[in-house]
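# Geometric and topological summary
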Amino acid sequence: MRSVVLERRPHEAWAEVAPLVLCGARSGVRVCADDGKVMELLVTAEFVCTPDELAAGAHFAVTRRSAGAPVGEVGRAVGDQRSGVTTVE
C-alpha cells in the first residue's frame, strides 16, 4: 500500500497535518508530512516522508476552509494525477 503524503496549503495548515499523521500511525496507515524542515519541529522524523514516499506516495494537499476550498472536496489539484485535495474545517 502506498503512503499518504500530506502537503500543507497554506503554511498554516501544519496544525491539521500533525494530528493526521499521528492518527495514521494509530490506525496502521502510513501517513507522512512532506516538509521535513518545518514538520520535524512538530513531529519526530518518523512522521516525515522519505524521498521514496515523496516520489511514489498518494499526495493530498491539506488546506483550510479560509483558503477557499469547500470542505470535503477531493480533486486533482496538487500537480499530478496521483494527487487529491482535502480540506479540513
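If you're wondering where the values come from, they're calculated on a predicted model, not measured in any experiment.

## Overview of the state of the cysteines
Note: disulfide means a covalent bond formed between the sulfur atoms of two cysteine side chains. Counting across every chain of the model gives one disulfide. In this model, cysteine 32 is linked to cysteine 49 through a disulfide, with the two sulfur atoms separated by 2.0 Å. Every disulfide takes its handedness from the sign of the S-S torsion; for cysteine 32 and cysteine 49 that torsion is 95 degrees, giving right-handed. Here the residue cysteine 32 occupies a position in strand β2 (residues 31-33), and cysteine 49 occupies one in the loop between α2 (36-39) and α3 (51-56), the gap between them amounting to 17 residues.

## What to know about the pairing of strand β1 (residues 4-8)
For β1, a buried count of four out of five residues is recorded, marking the element as mostly surrounded by other parts of the structure. Bridge count for β1 against β2 is three bridges, and the pairing is parallel. What sits directly across from valine 5, in β2, is cysteine 32. Summarising the sheet, β1 and strand β3 (residues 58-64) pair through five bridges and their orientation is parallel. The residue of β3 that forms the bridge with leucine 6 is phenylalanine 60.

Cut-offs applied
- Residues numbered from 1 in each chain as written.
- Predicted model: local features only at pLDDT ≥ 70, side-chain atom pairs only at ≥ 80, totals over all residues.
- Heavy atoms only, no water.
- Disulfide = S-S within 2.5 Å.
- Helix = DSSP H or I, 4+ residues; strand = E, 2+ residues; numbered from the N terminus.
- Buried < 20%, exposed > 50% of the residue type's maximum accessible area, 1.4 Å probe, protein only.
- Pairing = 2+ DSSP bridges.

Note that every value here comes from positions in space, so none of it alone points to a role or purpose.
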